[in-house]
Amino acid sequence: MKILNYRLVIFILSIIFGVVFAMPSFLQTETGKKISLGLDLQGGLHMLLGVQTDEAVTSKIKTLATSIKYFAEDEEILIEDLSFKDDIINFVVLDSDEVSKVDAMLAEIQGLDIQVSEDLTYNITLQPAQIALTKDLAVAQAVETIRNRLDQFGLAEPTVIRQGAEDIVVELPGIKTAADEKAARELISKPAHLELMEVDEDRADQVFTMSVSQAAEYGDIILEKSDGSGEKFLVKEIPILNGSQITDAQVAFDQANQPIINFVLNSSGAKIFGDFTARSVGKRLAVVLDGKVYSAPNINERIGGGRGQISGGFTVVEAGNVAIALRSGALPASVKMLEKRSVGPSLGADSIQASMLALILGFVLVIIFMVLYYGLAGVIANIALVTNIFILIAVMAMFGATLTLPGMAGIVLTVGMAVDANVIINERVRELLRAGMSIPKAIEDGYSNAMRAILDANITTLLVAVILYVYGTGPIKGFAVTISIGILASMLTAILGTHGIYDALLPKINKSKNLRKWFGIK
Amino acid sequence: MVWYKIMELFKTDTIYNFMAKRLPFLGLSGLLVIAALTLLLTKGLNFGIDFAGGTIVQVKYEQKAPIKQIRSILNAKAEYKNSTITEFGTPEEVIIRITGSSADLATDIGDTVSALLKPTGKFEVRRVDMVGPKVGGELREKGLMALGLSLLVILIYVSFRFEWRFAVASIFALVHDVTIALGMISLFGVDVNLDILAAILTILGYSLNDTIIVFDRIREGVQKSHKSVLEEVVNESVSRTLSRTTLTSLTTFFVVITLFIFGGEIIHGFAFTMLVGVVVGTYSSIFVAASFLVQLKFSVADFRVKEAEKLKRQKEKDKMRAMYEQGTV
């Protein structure tokens, strides 16, 4: 007697696979791959952020202007009217003998479109390919920066991934309270753009009467003090240095026990800073963070060593956040919130409870129904159904898929639809038995007759699921994945598996000839 | 025992004359579709924030939620004037829908609203969902794409596996199901979000499942049956699959109804849509899809000729191959 047939062997292997790999998820063990709960079930914050990449291009142009300015001052080349507007840098070289030096310097920078008119006016823009590259890098850098900040913030398992050309998905399962959420949002959104700027001492006293456009004529901009006192500063638009040259930033306390932030510049930053302070003794240096002046100390002597500090009425928490932001680098461009979903942990718990109840109840109803209607054939179908659920959980765990609310609905549906194959097969077998066919032949033909319909039906559902996956977002993808795996698993369990069981039991069924017990018919 | 009788609800040897009544069935379906379309055109769909953009704040109070007070506080603010407040599942819980959204990470509508509602009693903000206009537009576009593409892929697949009339009839049945489901969604004012789209697409797959099972039987009947009048073949096939269609619908209905009753408020819209879809989908695959096929004047004789030709070609191919293989061995 041949009990072990190939179908049964495959089925038993898949049962073992399902049970072994589903166990960590069922028992929520410490080790092993298991399904993690989606944000809608465990609570947390999901955000879709849009990077304003145009700003990154502007800031690149600004940095370029800064280095041209530094180069000209360092080499003592006389240039005039250095300005940038609409992402174009303009300046005039006064001495035609020095054109070659300027050209050599610009030639070292890649991706520039340079036009020089006869009166030695330079007109510099970025090449389109360079602009695209800059935008691309900006998004990549924003992802990196946000990830660094969140890691340092100490949240459990933050996910930061790029989506499409300009968007970033941030998922924070660890967020439990509104205050935590607010802190995280502020940390992410802080541009942390530090600039050290030169106060225009020649016109500083006119700052309250000057308009923005008047200031622009002198290459100046007007910035406000951070403390909201209304104090204004007239500073040179092109900064001396920016935060990209910071290597470290730490919170410290000054003599009055107020929190301040000490920062350290890298070597090239330290040199630029040293050179500038040496040249500018008696003038003021504005420490500008995100467009606000925090302090503007007098320069008394050359400052070497590349150390500086930001003070200006921080709270301890704020100072900590600014230090994290400075350490992890500035955002290359600001980010906007395109979509946000935040679920409180209590709601997540409610959702799990409700959908679990529905899942188990629906499952039990189907199982009872199948036994009542089909007798032992129903029991065999139920074995396949239970295995199906195990395989579904196991595969999801292996891929590290998350279980979301729509995913739960997907499982519920899989339960409803996975029995379909067995209903089709059983109805076919019954039909053939009623027609007076022998049991082995009825099973064989029943399966082959049912096969075509089941395949066509499953393939079309699978096609719809794939489309849903491609065009869906987040939770909908979860739903698509669940029903796809469910359908594929049902081919293994409901078709191959049950057939294997029948093949193994055939001698017994043949002997008993009790169609009522086995197939629920007279 | 009594349940042994229940075990054979359907005798497969009974053949019902469905096709004699096909015009009344099609008429009923036509009426339902027209009613649904009228609802969709007049009342329209109640698009939720996923597609329309906006913000929802779900708040749970420790006592019964003071909806009137919440409304008067929010309506006093210009930016929340258009917000709607509705009970959500239990009297303690409310959903506040706000048409605006904030793109600034540092300021959050959820925070502002919860600050405004401080005087209304003790509560917990359980959910804040915000969808900006750009994402809403994108989701709408993708949703329509998914729906259109699904129909197209089904059309191609069914044409390939069966015949074009089968494909057209199944698409008719699907459009019928989806339209009626959307009509019900409109009638009951269900918020149309991504989950509803997923439900609609699932209905599509589910109803198609049923239709294909019936069509598969018709195809088999056309090939094997001695009858050559289409109506008779169809009657036979639909009757033979009746037990399966009803049983599967029943099991699916069981799980969807438990989801509807016990699944919680958040999944309600999804379960509702599925519930409508299961009922309409079952009806359409028994009564509508095959009726369409008959109306499209599918010819049994032509199909047999075609199939015979296909078989002949296959046989010739096999023969050629056999000869070729013999020649080379």
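About the thresholds
Every chain is numbered independently, its residues counted from 1 as its sequence is written. Following the order in which they are written, the chains are lettered starting with A and the ligands numbered starting with 1. With pLDDT at 70 or above as the cut-off, local features in this predicted model cover only qualifying residues; side-chain atom pairs require 80 or more to be listed or tallied, and sums for whole chains, interfaces and linings still use all residues. Think of it this way: DSSP has to see at least two bridges between two strands before they count as a pair. A run of H or I in DSSP becomes a helix once it reaches four residues, and a run of E becomes a strand once it reaches two; helices and strands are each numbered from the N terminus. Each axis is a line fitted through C-alpha atoms, taken for helices only over the stretch in contact, and angles between the N-to-C directions span 0 to 180 degrees. By the criterion used throughout, residues are in contact when their C-beta atoms, derived from the backbone, lie within 7 Å. For the purposes of this description, domain bounds are those given by an automatic or database domain assignment. Between 65 and 115 degrees an angle is taken as roughly perpendicular, under 35 as roughly parallel, over 145 as roughly antiparallel, and anywhere else as oblique. Note on convention: the crossing is left-handed when the near helix lies turned anticlockwise from the far helix by less than a right angle, right-handed when the turn is clockwise. Just so you know the grouping, Ala, Val, Leu, Ile, Met, Phe, Trp, Tyr, Cys and Pro go in nonpolar, Asp, Glu, Lys and Arg go in charged, and all remaining residues, Gly too, go in polar. Any helix carries an expected span of 1.5 Å times its number of residues minus one. Think of it as a crowd count around each C-beta: if 20 or more other C-beta atoms lie within 10 Å the residue is buried, if 12 or fewer it is exposed, and in between it is partly exposed, with C-beta placed from the backbone throughout.

Novice: Can you explain the sheet that holds strand β13 (residues 246-253) of chain A? Please cite residues and give values.
Specialist: Each strand in a sheet pairs with another by means of backbone hydrogen bonds, the pair being arranged parallel or else antiparallel. All names here are of chain A. Ordered in space as β13-β14-β17, the three strands form an open sheet in which the pairing is antiparallel. Each end of this open sheet is capped by a strand with a single partner; those strands are β13 and β17 (307-310). Taking each pair of neighbouring strands and ignoring which way they run, the sheet shows an average axis angle of 25 degrees. Pairing of β13 with strand β14 (residues 259-265), which is carried by seven bridges, proceeds in the antiparallel orientation. Among the inter-strand pairings, F253 is bridged to a residue of β14, identified as P259. Set on the sheet, helix α9 (residues 316-327) makes contact with β13 and β14; between it and β13 the angle comes to about 170 degrees.

Novice: With reference to specific residues and values, describe the domain arrangement of chain A.
Specialist: By a widely used convention, the size of an interface equals the accessible area lost when the partners come together. Residue and element names in this part refer to chain A. The domain architecture assigned to chain A consists of domain 1 (6-42 + 344-519), domain 2 (55-130) and domain 3 (148-340). Distance between the C-alpha centres of domain 2 and domain 3: 26 Å. Counting from both sides, the interface comprises ten residues of domain 2 and, opposite them, eight residues of domain 3. Breaking the side of domain 2 that touches domain 3 down by element, the ones donating at least two residues are α3 (53-75) and β3 (79-85). At eight residues, α3 tops the list of elements feeding residues into the side of domain 2 that touches domain 3.

Novice: Residues and numbers for the domain arrangement of chain B, please.
Specialist: Taken domain by domain, chain B consists of domain 1 (13-45 + 136-298) and domain 2 (54-131). On a C-alpha basis, the centroid separation for the pair domain 1 of chain B and domain 2 of chain B is 39 Å.

Novice: Outline the packing of helix α13 (residues 439-471) of chain A against helix α8 (residues 194-224) of chain B, supporting the account with residue identities and numerical values.
Specialist: One way to put it is that α13 of chain A packs onto α8 of chain B with a least axis distance of 9 Å and a crossing angle of 160 degrees. Of the possible angle classes, the one that applies to α13 of chain A and α8 of chain B is roughly antiparallel. For the pair α13 of chain A and α8 of chain B, the sense of crossing is right-handed. For the pair α13 of chain A and α8 of chain B, contact is made by R452, A453, D456, A457, T460, T461, V464 and L468 of chain A and by A198, L201, L204, G205, L208, N209, I212, I213 and D216 of chain B, respectively. Of the residues that constitute the contact of α13 of chain A with α8 of chain B, the class distribution is ten nonpolar, four polar and three charged.

Novice: Report on helix α6 (residues 178-189) of chain A, specifying residues and quantitative values.
Specialist: Residue and element names in this part refer to chain A. Along its twelve residues, α6 runs 16 Å from first to last C-alpha, staying within 8% of the 16 Å computed at 1.5 Å per residue. Within the sequence span of α6, burial applies to E181, A184, R185, L187, I188 and S189. Those residues of α6 that are buried lie in contact with β2 (44-51), α5 (128-153), β8 (167-172), α9 and β18 (335-343).

Novice: Before we move on, can you summarise the pairing of β17 of chain A with the specific residues and values?
Specialist: Residue and element names in this part refer to chain A. Residues G308 and I310 of β17 are buried on one face, while the alternating residues R307 and Q309, pointing to the opposite face, are not. Alignment of β14 against β17, held across four bridges, turns out to be antiparallel. Bridging across to β17, V264 finds its partner in R307.

Novice: How would you summarise the sheet that holds strand β5 (residues 112-116) of chain A if you had to cite specific residues and measurements?
Specialist: All names here are of chain A. Strand order in the open sheet formed by four strands is β3-β4-β6-β5, with antiparallel pairing between adjacent strands. Lying at the two open borders of the sheet, with one neighbouring strand each, are β3 and β5. Strand-to-strand twist across the sheet, computed as the mean angle between neighbouring axes with direction ignored, equals 15 degrees. Bridge analysis of β5 against strand β6 (residues 121-126) gives five bridges, and the strand direction is antiparallel. Its bridge partner being in β6, V116 is matched across the sheet by Y122. Across the sheet, α3 touches β3, β4 (88-93) and β6, and the angle it forms with β3 is around 170 degrees.

Novice: An account of the interface of chain B and chain A is needed here, citing residue identities and associated values.
Specialist: Taken together, the contact between chain B and chain A spans 63 residues of the former and 66 residues of the latter. Elements supplying a minimum of two residues to the side of chain B that touches chain A: α1 (3-6), α5 (109-116), β5 (123-131), α6 (133-161), α8 and α9 (230-262) of chain B. Here β18 of chain A runs beside β5 of chain B; their pairing, made up of five bridges, is antiparallel. Counted as the bridge partner of E339 of chain A is V131 of chain B from β5 of chain B.

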